[in-house]
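# Structural characterization, general
Each chain, letter by letter, is given below.
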Amino acid sequence: MSRLHGILALSLVVGASACKPKEGGTPETAPPADAITEIKLGVVGSLTGSNATFGNSTKNGVDLAVKQKNAGAGVLGKKVKAIHLDDQGRPEEAKTATQRLITQDKVHAIIGEVASSNSLAMAPVAQRARVPMITPSSTNPAVTEIGDFIFRMCFIDPFQGYVMAKFTRDNLKLDKVAILRDVRNDYSVGLANVFAEEFKKMGGTIVADESYAQGDTDYKATLTKIRGANPQAIYVPGYYTEVGQIARQARELQIEAPLLGGDGWDSDKLFEGGGKAIENSYFSNHYHVDDPSPSIKAFVEQYRAEYNETPDAIAALAYEAAMVTLAAFETAGGVDGTKVRDVLAATKDFPGVTGKITLNAKRDAVKPAVVIQIRDGKRMFVAQIAPEGGVAPAKTATAAQ
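This section reports on the structure supplied with the text.

Conventions we followed
Residues numbered from 1 in each chain as written. Predicted model: local features only at pLDDT ≥ 70, side-chain atom pairs only at ≥ 80, totals over all residues. Heavy atoms only, no water. Helix = DSSP H or I, 4+ residues; strand = E, 2+ residues; numbered from the N terminus. Expected span 1.5 Å × (residues − 1). Buried < 20%, exposed > 50% of the residue type's maximum accessible area, 1.4 Å probe, protein only. Arc of directions from axis to C-beta. Contact = heavy atoms within 4.5 Å. Phe/Tyr/Trp six-rings, centres within 6.5 Å; stacked < 30°, edge-to-face > 60°. Polar contact = N/O pair within 3.5 Å; in protein donor to acceptor, adjacent residues only side chain to side chain. Pairing = 2+ DSSP bridges. Axes fitted to C-alpha atoms, helices over the stretch in contact; angles between N-to-C directions.

Taking 1.5 Å of rise per residue, 13 residues should cover 18 Å, and helix α2 (residues 91-103) covers 18 Å from first to last C-alpha, within 8% of that figure. For α2, the complete set of buried residues consists of Ala 94, Ala 97, Thr 98, Leu 101 and Ile 102. The buried residues of α2 occupy an angular sector of 130° when projected down its axis, which confines them to one face. In this fold, the buried residues of α2 make contact with β3 (38-45), β4 (79-86), β5 (109-111) and α3 (116-129).

Below, the structure written as structure tokens:
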């Protein structure tokens, strides 16, 4: 597939000076650009804990964008500083980190989180303080619904759930699917609900809908129930940390149906956990690293040169989030939170890595999704599905027999 390069068309809406609460709650006027010494981005992520690859990919993506900006003229003639805080993958820690970044570090914008549960804990804090918050990759719709200072650089769960339902029906030609959801994970529950609704609308049948809880290690009793329903595939919209073990235990129970999932699968750790058991499974994602698009090729080369590894979708989205935010400071002509918010809200056709970025009225990115097949231990592109439902398959995908 190919993507056109866009141009940045961000409009500046001039309004009253943004007020940002001090630590004690009294508002203060944002300083003019010439009164600050640096542009500060706060970044919250799970740098440790079970989902550490998410946080570290986010850190790498943001840091690469910051390094590139600082190698030039910086932003508004100032150097950019990224302040990273570890939330250990826990919502309460994500909330605390956001409070610290705003009240102590006085950041001008916040990037994070990946996990929707963590972003949902962060967003009310940023909204109350009127500090723009941009999640690179939280897909739960409720995140941006918290307020008008909250943005995202990725598609949302309703679209992602629709994508996999459509792919399962149209490409894999399946009509009986089971669901295995993580009931402690807002992301997983949201995707499972949408997939079930859309799949049934398309004429499919959900033959079983079972659950597990994040941190579980034994899934065999639940998988045995699913096996009894004889599904043609199992939709498991969880994180890589559990999906690999679920795949192994499913194969041990002689369940041969392919597993289906979402972007929470996108980590090399999935292969460590799942091994051959995850072969011939499919998941929706934001981009594919082997896409011939010049913007993707350039980003992948730059990332590999910097970190000696291949960037996953989380890294690409974090890079985009940083670039869009820094461009908004430039267009706003300063760090006034309300002006930056207005510019971000007007983002249209920004030339991102994963495609042209336009934010809709709900401050969500409108962009296509790709479907990835795990084959021979690699991620292989099989289809692109646009928001309006158009499908561009790379090949005819067939379910594992």
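Under the definition given, this model contains twelve aromatic pairs. Seen from their ring centres, Phe 54 and Tyr 239 are 5.3 Å apart, and the 85° between their planes marks the pair as edge-to-face. Residue Phe 54 is found in helix α1 (residues 52-71), and its partner Tyr 239 is found in the loop between β10 (233-235) and α8 (240-252); the two are separated by 185 residues along the sequence. We classify Phe 54 as buried; its relative accessible area is 2%. We classify Tyr 239 as buried; its relative accessible area is 5%.

Take α8 next. Its 13 residues give α8 an end-to-end C-alpha distance of 19 Å, which sits within 8% of 18 Å, the value for a rise of 1.5 Å per residue. Taken residue by residue, α8 has Tyr 240, Glu 242, Val 243, Gly 244, Ile 246, Ala 247, Gln 249, Ala 250 and Arg 251 as its buried positions. On its buried face, α8 is in contact with α1, β8 (176-182), β9 (205-212), α7 (220-228), β11 (259-261) and α9 (269-274).

Another aspect to go through is the side chain of Thr 135. Within the secondary structure, Thr 135 is located in strand β6 (residues 133-135). Residue classification places Thr 135 among the buried positions, given a relative accessible area of 0%. Polar side-chain contacts of Thr 135 include one of 2.6 Å to the backbone oxygen of Glu 113.

Strand order across the open sheet formed by five strands is β4-β3-β5-β6-β7, with parallel pairing between neighbours. For this open sheet the edge positions go to β4 and β7 (150-152), each flanked by a neighbour on one side alone. Pairs of neighbouring strands in the sheet enclose a mean axial angle of 25°, with direction left out of account. Pairing of β6 with β7 involves three bridges; the strand directions are parallel. What sits directly across from Ile 134, in β7, is Phe 151.

For the rest of this paragraph, the subject is the side chain of Asp 364. In this fold, Asp 364 is placed in the loop between β14 (356-357) and β15 (369-375). By relative accessible area, which is 5% here, Asp 364 ends up buried. Within polar-contact distance, the side chain of Asp 364 engages the side chain of Thr 144 at 2.8 Å. In this structure Asp 364 touches Thr 144, Arg 152, Ile 156, Thr 358 and Leu 359, once residues within four positions along its chain are discounted.

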